[in-house]
Amino acid sequence: MRDCILILFGALGDLAKKKIIPALYSLVHKEQLDNLHIIGTDLANISKHNMLKAAQELLPEIDEKTWHAFEQITHYQQLDINNLEDFKKLKEFIEVIEKKHNLSGNRLIYCATPSDLFSTITKQSHAARIITCTSIEERPWQRIIYEKPFGRDYTSAKKLNKEIHNCLNETQVYRVDHYLAKELIANITLLRFTNRMLEPQWNHHDIASVEIILDEEIGVAHRGNYYNQTGALRDVVQNHIFELLALVSMEPPTTITGSDLQEKRAEVLKNLSFDSGILGQYEGFRTIDGVKKDSMTETFAALKLFVNNERWKGVPFYIRTGKCLQKTKKLIHLNFKPEHCRLIAGCPLPANRLTIAIEPHAGFSLELNAKKPGYTTTVVPITMEFCHECLFGVYTPQAYEVILLEVIDGDQGISVRFDEIEYSWKIIDEIYRKQLPLYFYKCGSNGPDEEFEGKI
Ligand code: BG6
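My aim in this report is to walk through the structure given alongside it, one point at a time. (Residues numbered from 1 in each chain as written. Predicted model: local features only at pLDDT ≥ 70, side-chain atom pairs only at ≥ 80, totals over all residues. Heavy atoms only, no water.)

### A short note on the state of the cysteines
Going through the model one piece at a time under the given rule, you end up with 3 disulfides. The side chain of Cys324 participates in a disulfide bridge whose partner is Cys443; the two sulfur atoms lie 1.7 Å from each other. Note that Cys324 is positioned in the loop between strand E10 (316-322) and strand E11 (329-336) and Cys443 in the segment after strand E15 (438-441), a separation of 119 residues in sequence. On the basis of relative accessible area, Cys443 is assigned to the partly exposed category, the value being 43%. What pairs with Cys341 in a disulfide is Cys347, and their sulfur atoms sit 1.4 Å apart. Taking relative accessible area as the criterion, Cys347 reaches 34% and is therefore assigned partly exposed. Cysteines bonded in the protein are numbered consecutively along the chain; their disulfide partners then correspond to 1-6, 2-3, 4-5. Considering cysteine sulfurs only, Cys111 is the nearest to Cys4, which forms no disulfide, with 15 Å between them. You can see Cys111 has no disulfide; the closest cysteine sulfur is in Cys167, sitting 11 Å from it. (Disulfide = S-S within 2.5 Å. Helix = DSSP H or I, 4+ residues; strand = E, 2+ residues; numbered from the N terminus. Buried < 20%, exposed > 50% of the residue type's maximum accessible area, 1.4 Å probe, protein only.)

This is the structure we're talking about:
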């Protein structure tokens, strides 16, 4: 039974309005939840209608009947997270709703707030007994979701993990990364471990390099203040890119679920090391509201890293991300080593390449060599393509719907374990300590012009 009460902290924030409330509405519309009630909380004294209105305006389509039903299961309670009395009142309210609507007592807390509030929310919810420390088998279950970024460096993430573990078991904790819930990313593990022809080649004997690219055409828009304090390394590299890198390079998990995936991803991140790189900032960033006039925050990063284990010995992992670039392009390339040439003419041969495209056109493609037609041994590169949308149609469940369902079902595969986070922060801290050069680039370009080893 998918039955629970969801307590949404930060209910008036951007994330709640743009992603979480629409995802909940969509799950209700698709009848994927059996009995759900939502309590939004935030500092302002407003009505639930005002809370929902902000999200409603962003939904492309509304089914009146579903929206009405959605309103009936949604509630709002004003709350100051520094006031324990407010949490006690919230607990009473939760119990009233659980009783009135015959809920089984499963509770899910969603912290859609900045990470410096996570500890207080957890401690206060625990002190008010909204959530208690429970084991994985216990029913009703009690779980908590933390949004990214989780901390802002190794020390703060470690401290936060410790404070959370003082109140809860790791099996109750979901540090979610919406990238892990994306369809093509969930597909990486299955692609690797269900195709006999891929896994034997997936190592340093056959792969020359791996590239992970998360280029974004959009700038930082109205998120100037957040972004000025965060930067590309914390905003995208530490979480999304490192998790992609871990999925691409991990050893085979025993099963493709929760803790097995976390274990294998953590092993990679533990063995990841930084080699070199550059940072960039787009021209005009400093004029955005909330951004300091002399800001040195990076909006672009291109890095070379290594996974120090037998499988990936000597294989560079090149990663790149940036805002305000020429094109939105989110993909992974596995560049194979070139084949030895046995042709009389026409060498060197183009190397094979497997691409996993996340956006804008999700799918896989494999670049091979094939004979050019006619009386010749000339080879030309050809591409075999799998277009996700062409074969399966437009994929509708959005990442946040998948996150909610997986947490409700108790699968921790989309959740990042405490040590994964700590290992990845260690590398980010090291990169910041190196004080890499920051180059300026034009909005709409491919990033800084500077040459550096491994530029992609
Ligand atoms: C978010 C970052 O986590 O991920 C944003 O804060 C970034 O800056 C976004 O744009 C990218 O996610 P997606 O799903 O649009 O690729």
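Read on for the rest.
### Observations concerning unusual backbone geometry
Of note, the bond from Arg139 into Pro140 is cis; its omega dihedral lies within 30 degrees of zero at -5°. Assignment of secondary structure puts Pro140 in the loop between helix H5 (118-127) and strand E5 (142-146). Residue Pro149 is reached from Lys148 by a cis peptide bond, and omega for that bond is -5°. By the secondary structure assignment, Pro149 is in the loop between E5 and helix H6 (154-165). The phi angle at Glu31 is positive, at roughly 55°, despite the residue not being glycine. Looking at the element boundaries, Glu31 is found in the loop between helix H1 (14-29) and strand E2 (35-42). Unlike most non-glycine residues, Gln435 shows phi in positive territory, near 50°.

### Digging into the sheet that holds E5
Across the sheet, which stays open at both edges, the 6 strands sit in the order E3-E2-E1-E4-E5-E6 with parallel pairing between neighbours. Edge positions in the open sheet fall to strand E3 (74-78) and strand E6 (173-175), since each of these has one partner strand only. In this sheet, neighbouring strand axes are inclined to one another by 20° on average, regardless of whether the strands run parallel or antiparallel. Sheet topology places strand E4 (residues 107-111) next to E5; 5 bridges connect them, and they run parallel. Among the inter-strand pairings, Leu108 is bridged to a residue of E5, identified as Arg143. Against the sheet, helix H3 (residues 64-72) engages E2 and E3, with an angle of about 40° to E3. (Pairing = 2+ DSSP bridges. Axes fitted to C-alpha atoms, helices over the stretch in contact; angles between N-to-C directions. Contact = heavy atoms within 4.5 Å.)

### Overview of the sheet that holds strand E9 (residues 300-307)
Strand pairing in a sheet relies on backbone hydrogen bonds. The paired strands run either parallel or antiparallel. With mixed pairing, the 9 strands of this open sheet are ordered in space as E14-E13-E12-E11-E7-E10-E9-E8-E15. Of all strands in the sheet, those with a lone pairing partner are strand E14 (379-387) and E15, marking the two edges. Taken pair by pair, the neighbouring strands of this sheet meet at an average axis angle of 20°, ignoring direction. Pairing analysis gives 9 bridges linking strand E13 (residues 363-371) to E14, with the strands arranged antiparallel. Residue pairing across strands places Ala370 opposite Val380, the latter belonging to E14. Against the sheet, helix H8 (residues 224-249) engages strand E7 (207-215), strand E8 (272-282), E9, E10, E11 and strand E12 (353-359), with an angle of about 145° to E10. Against the sheet, helix H12 (residues 418-433) touches E8 and E9, its axis set at about 60° to E8.

### Some points on the packing of aromatic side chains
Scanning the entire structure with this criterion turns up 14 aromatic pairs. Taking 5.4 Å as the distance between ring centres and 55° as the angle between the ring planes, the aromatic pair formed by Tyr25 and Trp67 counts as tilted. Within this pair, whereas Tyr25 is found in helix H1, its partner Trp67 is found in helix H3, the two being separated by 42 residues in sequence. Assigned by exposure class, Tyr25 and Trp67 land together as buried. Ring geometry for Tyr146 versus Phe150: centroids 5.8 Å apart, planes at 70°, classification edge-to-face. Just as Tyr146 is buried, Phe150 falls in that class too. Three or more aromatic residues joined by ring pairs form one cluster here, namely Tyr227, Tyr282, Phe285, Phe300 and Tyr441. (Phe/Tyr/Trp six-rings, centres within 6.5 Å; stacked < 30°, edge-to-face > 60°.)

### Here's the deal with the pairing of E2
A large share of E2 lies buried, amounting to 7 of its 8 residues. Between the parallel elements strand E1 (residues 3-9) and E2, the chain passes through H1 in a crossover that is right-handed. In this structure, E2 lies alongside E3, joined through 5 bridges in parallel fashion. Counterpart to Asp42 in the pairing with E3 is Gln78. (Right-handed = clockwise from strand over helix to strand, strands pointing away.)

### What about the nonpolar core?
Considering soluble globular proteins, one finds that nonpolar side chains tend to be buried as a cluster. The biggest cluster of nonpolar side chains holds 119 residues, and the ones touching the most others in it are Phe70, Tyr110, Val210, Leu305 and Leu334. Looking at this core, the element that brings in the most residues is H8, giving 10 residues. Residue assignment places this core across two domains, with domain 1 (3-147) and domain 2 (180-441) each supplying three or more. Apart from the residues lying within four places of it in its own chain, the contact partners of Leu305 are Phe242, Leu245, Leu272, Ser273, Phe274, Asp275, Val315, Pro316, Phe317, Ile319 and Ile427. Formed by 14 residues, the second largest nonpolar core is a distinct cluster that contains Ile278, Tyr282, Phe285 and Tyr441. (Core = buried A, V, L, I, M, F, W, Y, C linked by side-chain atoms within 4.5 Å. Domains from an automatic or database assignment.)

### Quick notes on the pattern of salt bridges
If the charged atoms of two oppositely charged side chains come close together, the side chains can form a pair. Enumeration according to the criterion identifies 31 salt bridges in this entry. With a closest N to O distance of 3.8 Å, Lys89 and Asp86 form a salt bridge. With Lys89 and Asp86 both in helix H4 (residues 84-100) and 3 residues apart, the pair spans about one turn of that helix. We classify Lys89 as partly exposed; its relative accessible area is 48%. Close ionic contact of Arg192 with Glu199 constitutes a salt bridge, the shortest N to O distance being 3.6 Å. Among the residues examined, Arg192 registers a relative accessible area of 0% and is labelled buried. (Salt bridge = Lys/Arg side-chain N within 4 Å of Asp/Glu carboxyl O.)

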